[in-house]
Amino acid sequence: MLLEELKIIVEEDGPPITHGAMTFVAFLVAGGMPLIPYVFGVPTDAQFLVSIIATGISLFIVGALRSLVTKRSWLRSGLEMLGVGALAAVAAYGVGYAVKTFFGITI
């Protein structure tokens, strides 16, 4: 698929443990961004908003960095990742709201 659809030639340039470690570090950094306001003492009334903003920034950066692999515009790739992440967040929030409303279950 990489070769046929995206015209990307996969080159083996290191041991798989290195790729796995880099993926793990990237996950920790990007995945930890939404937790920053809760860990570092942002006032309670602003934590959720700051978390949303931090998540949006991290999604955009990950998308922009993806352009290094796909050779597409960094702006387009960043906005695409931000849009997909926003849709996923809205869907997850909607499911949680529906479960709470219809079943009275709070998680």
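Please read all numbers here as calculations on a predicted model, not as lab measurements.

Conventions and cut-offs
Residues numbered from 1 in each chain as written. Predicted model: local features only at pLDDT ≥ 70, side-chain atom pairs only at ≥ 80, totals over all residues. Heavy atoms only, no water. Patch = residues over 30% accessible without salt bridge, like charges linked within 9 Å, V, L, I, M, F, W, Y side chains within 5 Å. Areas by Shrake-Rupley, 256 points an atom, 1.4 Å probe, with all protein chains shown as cover. Salt bridge = Lys/Arg side-chain N within 4 Å of Asp/Glu carboxyl O. Helix = DSSP H or I, 4+ residues; strand = E, 2+ residues; numbered from the N terminus. Buried < 20%, exposed > 50% of the residue type's maximum accessible area, 1.4 Å probe, protein only. Axes fitted to C-alpha atoms, helices over the stretch in contact; angles between N-to-C directions. Parallel < 35°, antiparallel > 145°, perpendicular 65-115°, else oblique. Left-handed = near helix turned anticlockwise from the far one by under 90°. Contact = heavy atoms within 4.5 Å. Nonpolar A, V, L, I, M, F, W, Y, C, P; charged D, E, K, R; others polar.

## Observations concerning a nonpolar patch on the surface
Side chains of Leu35, Ile36, Tyr38, Val39, Phe40, Phe48 and Ile52 sit close together on the surface and give an oily, nonpolar patch of about 740 Å² of accessible area. When contributions to the nonpolar patch are tallied by element, the ones reaching two or more residues are α3 (36-39) and α4 (47-70). Here the nonpolar patch takes 3 residues from α3, the largest share from any one element.

## Focus on unusual backbone geometry
In this model, Lys71 sits at a positive phi of 65°, which is unusual for a non-glycine residue. Mapped onto the elements, Lys71 comes out in the loop between α4 and α5 (74-103). The exposure class of Lys71 is exposed, given its relative accessible area of 69%.

## Considerations on the packing of α4 against α5
For the pair α4 and α5, the least separation of the axes is 7 Å and the interaxial angle reads 135°. As far as their axial angle goes, α5 and α4 are oblique. Judged by the sense of rotation from one axis to the other, the crossing of α4 with α5 is right-handed. Each of Gly56, Leu59, Phe60, Val62, Gly63, Ala64, Arg66, Ser67 and Thr70 in α4 lies in contact with α5, whose residues at this interface are Trp74, Leu75, Ser77, Gly78, Leu79, Glu80, Met81, Leu82 and Gly85. When its residues are assigned to classes, the contact of α4 with α5 shows 9 nonpolar, 7 polar and 2 charged.

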